[in-house]
Amino acid sequence: MTARAITTAILISLSATAGLADDDCDVPMADWQPRQAVRAMIEERGWKLHRIKIHDGCYEAYVTDAAGKRFEVIVDPATLAITGFESDRRHR
(Lines give C-alpha, C1' and ligand atoms only; values in the text may rest on other atoms or scores of the structure.)
Protein backbone atom coordinates (compact mmCIF):
# COMPACT_ATOMS: atom_id res chain seq x y z
CA MET A 1 0.00 0.00 0.00
CA THR A 2 1.07 3.52 -0.62
CA ALA A 3 1.43 6.07 2.15
CA ARG A 4 -1.59 7.93 0.77
CA ALA A 5 -3.78 4.81 0.91
CA ILE A 6 -2.68 4.06 4.47
CA THR A 7 -3.42 7.63 5.58
CA THR A 8 -6.85 7.49 3.95
CA ALA A 9 -7.62 4.17 5.65
CA ILE A 10 -6.62 5.57 9.05
CA LEU A 11 -8.75 8.69 8.58
CA ILE A 12 -11.77 6.62 7.56
CA SER A 13 -11.42 4.34 10.58
CA LEU A 14 -11.08 7.31 12.95
CA SER A 15 -14.17 9.04 11.55
CA ALA A 16 -16.17 5.82 11.81
CA THR A 17 -15.13 5.43 15.46
CA ALA A 18 -16.16 9.02 16.22
CA GLY A 19 -19.58 8.33 14.72
CA LEU A 20 -20.08 5.46 17.14
CA ALA A 21 -19.23 7.54 20.20
CA ASP A 22 -21.84 7.65 22.95
CA ASP A 23 -23.30 11.15 23.36
CA ASP A 24 -25.15 10.28 26.56
CA CYS A 25 -24.19 11.74 29.93
CA ASP A 26 -23.51 8.94 32.41
CA VAL A 27 -23.77 10.85 35.68
CA PRO A 28 -25.61 9.46 38.72
CA MET A 29 -28.60 11.63 39.67
CA ALA A 30 -27.07 12.22 43.13
CA ASP A 31 -24.24 14.15 41.42
CA TRP A 32 -26.45 16.41 39.31
CA GLN A 33 -26.52 20.19 39.71
CA PRO A 34 -30.07 21.60 40.07
CA ARG A 35 -31.90 23.17 37.13
CA GLN A 36 -31.50 26.57 38.80
CA ALA A 37 -27.71 26.21 38.42
CA VAL A 38 -28.18 25.55 34.69
CA ARG A 39 -30.41 28.62 34.46
CA ALA A 40 -27.77 30.76 36.22
CA MET A 41 -25.00 29.48 33.93
CA ILE A 42 -27.09 30.31 30.84
CA GLU A 43 -27.94 33.80 32.09
CA GLU A 44 -24.28 34.51 32.99
CA ARG A 45 -23.44 33.98 29.32
CA GLY A 46 -26.01 36.59 28.34
CA TRP A 47 -28.38 34.09 26.77
CA LYS A 48 -32.16 34.02 27.20
CA LEU A 49 -33.38 30.63 28.43
CA HIS A 50 -36.59 29.25 26.92
CA ARG A 51 -36.64 25.69 28.21
CA ILE A 52 -34.57 23.10 30.05
CA LYS A 53 -35.19 19.41 29.55
CA ILE A 54 -33.37 16.16 30.16
CA HIS A 55 -32.39 13.94 27.23
CA ASP A 56 -30.00 10.98 27.23
CA GLY A 57 -28.94 11.84 30.77
CA CYS A 58 -27.88 15.39 29.86
CA TYR A 59 -29.52 18.74 30.36
CA GLU A 60 -30.66 20.35 27.11
CA ALA A 61 -31.26 24.07 27.23
CA TYR A 62 -33.05 25.94 24.46
CA VAL A 63 -31.65 29.47 24.36
CA THR A 64 -31.41 32.66 22.33
CA ASP A 65 -28.18 34.66 22.18
CA ALA A 66 -27.87 38.46 22.11
CA ALA A 67 -27.98 38.45 18.29
CA GLY A 68 -31.33 36.62 18.33
CA LYS A 69 -29.95 33.27 17.18
CA ARG A 70 -31.76 30.31 18.73
CA PHE A 71 -29.92 27.12 19.53
CA GLU A 72 -29.81 24.13 21.83
CA VAL A 73 -27.01 23.65 24.34
CA ILE A 74 -26.16 20.21 25.75
CA VAL A 75 -24.91 20.52 29.34
CA ASP A 76 -23.16 17.97 31.55
CA PRO A 77 -25.41 17.71 34.62
CA ALA A 78 -22.56 17.33 37.13
CA THR A 79 -20.08 19.96 35.94
CA LEU A 80 -22.39 22.23 33.90
CA ALA A 81 -19.81 22.09 31.12
CA ILE A 82 -21.26 22.65 27.67
CA THR A 83 -20.70 19.45 25.72
CA GLY A 84 -22.43 20.39 22.50
CA PHE A 85 -24.43 22.88 20.46
CA GLU A 86 -27.18 22.31 17.92
CA SER A 87 -29.09 24.82 15.83
CA ASP A 88 -32.63 25.17 17.06
CA ARG A 89 -34.72 25.31 13.91
CA ARG A 90 -37.68 23.49 15.44
CA HIS A 91 -38.59 26.20 17.97
CA ARG A 92 -38.99 29.31 15.85
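These numbers come from a predicted model, not from an experiment.

**Student:** Lay out the side chain of Glu-60 in plain terms, naming residues and giving numbers.
**Tutor:** Relative to the helices and strands, Glu-60 resides in strand 2 (residues 58-64). Reaching out from Glu-60, the side chain makes a polar contact with the side chain of Tyr-62 at a distance of 3.4 Å. Setting aside residues no more than four positions away along its own chain, Glu-60 makes contact with Arg-51, Ile-52, Lys-53, His-55, Glu-72, Val-73 and Ile-74.

**Student:** Describe in detail the environment of Ala-61, supporting the description with residues and values.
**Tutor:** By the element assignment, Ala-61 lies in strand 2. What makes Ala-61 buried here is its relative accessible area of 0%. Here the alpha-carbon distance between Ala-61 and Leu-49, two residues 12 residues apart in the chain, equals 7.0 Å. Excluding its chain neighbours within four sequence positions, the residues that come into contact with Ala-61 are Ile-42, Leu-49, Arg-51, Ile-52, Phe-71, Glu-72 and Val-73.

**Student:** Could you give me a rundown of unusual backbone geometry, with the residues and numbers involved?
**Tutor:** At Asp-56, a position not held by glycine, the phi torsion is positive, near 55°. Note that Asp-56 resides in the loop between strand 1 (48-55) and strand 2. Here Asp-56 falls in the partly exposed class, since its relative accessible area comes to 43%. Even without glycine at this site, Leu-80 takes up a positive phi of about 65°. In this structure, Leu-80 sits in the loop between strand 3 (70-75) and strand 4 (82-87). By relative accessible area, Leu-80 is classed as buried at 16%.

**Student:** Talk me through the packing of aromatic side chains; I want residue IDs and the actual numbers.
**Tutor:** Within the structure shown, the criterion is met by 4 aromatic pairs. On the basis of an interplanar angle of 90° and a centroid distance of 5.1 Å, the ring pair of Trp-47 and Phe-71 is categorised as edge-to-face. Residue Trp-47 is located in the loop between helix 2 (35-44) and strand 1, and its partner Phe-71 is located in strand 3; the two are separated by 24 residues in the primary sequence. You'll find Trp-47 and Phe-71 in the same group, each marked buried. Here a set of aromatic residues connected by ring pairs shows up, and it is made of Trp-47, Phe-71 and Phe-85.

Calculation notes
Residues numbered from 1 in each chain as written. Predicted model: local features only at pLDDT ≥ 70, side-chain atom pairs only at ≥ 80, totals over all residues. Heavy atoms only, no water. Helix = DSSP H or I, 4+ residues; strand = E, 2+ residues; numbered from the N terminus. Polar contact = N/O pair within 3.5 Å; in protein donor to acceptor, adjacent residues only side chain to side chain. Contact = heavy atoms within 4.5 Å. Buried < 20%, exposed > 50% of the residue type's maximum accessible area, 1.4 Å probe, protein only. Phe/Tyr/Trp six-rings, centres within 6.5 Å; stacked < 30°, edge-to-face > 60°.

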